[in-house]
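# Fold and geometry: a report
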Amino acid sequence: MTAAETHLQQYIARHQEALNRLPELAPQVSAAALACVQALTGGGKLLTCGNGGSAADAQHFAAELTGRYRRERRPLPAIALTTDSSALTCIGNDYAFEEVFARQAQALVQPGDVLVGITTSGNSRNVVRALQVARERGGVTIAFTGEGGGEAAAHADIALRAPSTRTAHIQELHILMIHVLCETIDDAFVEDPTV
Ligand SMILES: O=C(CO)[C@@H](O)[C@H](O)[C@H](O)[C@H](O)COP(=O)(O)O
Ligand SMILES: [Zn+2]
């Protein structure tokens, strides 16, 4: 067996183990979906943030809403706080890196909006700060974390703690849950409910 084949086998086994435990999170996934639908039907918006691979997930989620996920519906308001390099460098340079999302949240969160913070360790300061600020401003907060939960889970209204301790597998379960949220959001806004 090649090294890659061994990695593949081991990787699938670890992924499968985590995936098999994901149904444990059904109540939290339902609560998160409801919070997103309520915000969007009530005229609110979603703000998303995360670092590295989770920044990509934050952008992926926002784009599913402003662009499209699977079914035809109107565009929905969502902003990834990871995408404006001018804001990120200004806030990081003039204040602190841990404020890069929080300061944008301070500017943008209105009561009833949802802030989604994605952090596999649960302890990225910039994500935790964004969750804190969003909550102070009357937003609903959703944290996607690993099974430890960390500070982010402690500061969120709803914590989606992917049942793994490996960053890669946590990220894989995060994107799966994001897609489940998108399916549920589509249900609420789809033009043709038979599809
Ligand atoms: O994608 C990966 C690893 O799979 C990395 O880019 C990873 O996201 C970065 O190291 C992040 O800075 C980790 O932050 P966090 O998930 O602990 O909040
Ligand atoms: Zn990665």
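Residues numbered from 1 in each chain as written. Chains lettered and ligands numbered in written order. Predicted model: local features only at pLDDT ≥ 70, side-chain atom pairs only at ≥ 80, totals over all residues. Heavy atoms only, no water.

Moving on: the overall build of the protein. Scanning the protein for helices and strands turns up eight helices and five strands. In the protein, the order of α-helices and β-strands from amino to carboxyl end is α-α-β-α-β-α-α-β-α-β-α-β-α. In summary, the protein has a C-alpha radius of gyration of 17 Å against a globular reference of 16 Å for 195 residues, a match within 12%. Principal axes of the C-alpha set define a box for the protein whose edges measure 55 × 50 × 30 Å. Across the 195 residues that make up the protein, the buried fraction comes to 46%. Long-range pairs, those at least 24 residues apart, make up 67% of the contacts in the protein between residues at least 6 apart in sequence. With an accessible surface of roughly 9,100 Å², the protein has 53% of that area assigned to carbon and sulfur atoms. Here the protein carries 15 positive and 21 negative side-chain charges, and the mean point of each set is 3 Å from the other. (Helix = DSSP H or I, 4+ residues; strand = E, 2+ residues; numbered from the N terminus. Rg over C-alpha atoms; globule rule 2.2 N^0.38 Å. Buried < 20%, exposed > 50% of the residue type's maximum accessible area, 1.4 Å probe, protein only. Contact = heavy atoms within 4.5 Å. Areas by Shrake-Rupley, 256 points an atom, 1.4 Å probe, with all protein chains shown as cover. Lys, Arg positive; Asp, Glu negative; His and termini not counted. Charge placed at Lys NZ, Arg CZ, Asp CG, Glu CD.)

Contact geometry for helix α1 (residues 3-21) and helix α8 (residues 167-189): axes closest at 10 Å, N-to-C directions at 50 degrees. As summarised for this structure, α1 and α8 are arranged oblique, according to the angle between their axes. For the pair α1 and α8, the crossing hand works out as right-handed. Two secondary-structure elements touch here, α1 through Tyr11, Arg14, His15, Ala18 and Leu19 and α8 through Ala168, His169, Glu172, Leu173 and Leu176. When its residues are assigned to classes, the contact of α1 with α8 shows six nonpolar, two polar and two charged. (Axes fitted to C-alpha atoms, helices over the stretch in contact; angles between N-to-C directions. Parallel < 35°, antiparallel > 145°, perpendicular 65-115°, else oblique. Left-handed = near helix turned anticlockwise from the far one by under 90°. Nonpolar A, V, L, I, M, F, W, Y, C, P; charged D, E, K, R; others polar.)

Taken together, Asn51, Gly52, Gly53, Ser54, Thr119, Thr120, Ser121, Ser124, Thr167 and Gln171 make up the full set of residues near ligand 1. Burial of ligand 1 by the protein chains amounts to 60% of its free accessible area of 450 Å². Secondary-structure elements contributing two or more residues to the shell around ligand 1 are α3 (53-66) and α8. Classifying every residue of the shell around ligand 1 by side-chain character gives no nonpolar, 10 polar and no charged. (Near = heavy atom within 4 Å.)

Turning our attention to the UniProt feature "binding site: Zn(2+)" (unreviewed entry) in the protein. Using the residue numbers shown here, the UniProt feature "binding site: Zn(2+)" (unreviewed entry) corresponds to His60, Glu64, Gln171 and His179. With respect to the helices, strands and loops of the structure, glutamate 64 is situated in helix α3. Other than its neighbours up to four places away in sequence, glutamate 64 contacts Tyr69, Arg73, His179 and Cys182. Counting through the fold element by element, glutamine 171 comes out in helix α8. Relative accessible area serves as the criterion here: at 23%, glutamine 171 is assigned to the partly exposed category. (UniProt positions renumbered as here; feature names shortened; annotations may be inferred.)

Moving on: the UniProt feature "binding site: substrate" (unreviewed entry) in the protein. According to UniProt, the positions carrying the feature "binding site: substrate" (unreviewed entry) are Asn51, Gly52, Gly53, Glu64, Asn93, Asp94, Thr119, Thr120, Ser121, Ser124 and Gln171. In three dimensions, the annotated residues from a span of 121 residues occupy distinct locations, with a maximal C-alpha spread of 31.9 Å. Note that aspartate 94 resides in helix α4 (residues 85-94). Locating threonine 119 in the fold gives a position in the loop between β3 (114-118) and α6 (125-136). Under the relative-accessibility criterion, threonine 119 is labelled buried at 3%. Once residues within four sequence positions are removed from consideration, threonine 119 is found in contact with Ser124, Val127, Phe144, Thr145, Gly146, Ala152 and His174. Within the structure, the side chain of threonine 119 is placed 3.3 Å from the side chain of serine 121, a separation counted as a polar contact. (Polar contact = N/O pair within 3.5 Å; in protein donor to acceptor, adjacent residues only side chain to side chain.)

Attention shifts here to the pattern of salt bridges. Note on pairing: side chains with opposite charge can pair once their charged atoms come close. Under the criterion given, the structure shown has 12 salt bridges. Its salt-bridge partner being arginine 70, residue glutamate 183 comes within 3.3 Å of it at the nearest N-O pair. In this pair, glutamate 183 sits in helix α8 while arginine 70 sits in the loop between α3 and β2 (78-80), placing the two residues 113 residues apart along the sequence. One salt-bridge network, held together by shared partners, links Arg70, Arg71, Arg73, Glu183, Asp186 and Asp187. (Salt bridge = Lys/Arg side-chain N within 4 Å of Asp/Glu carboxyl O.)

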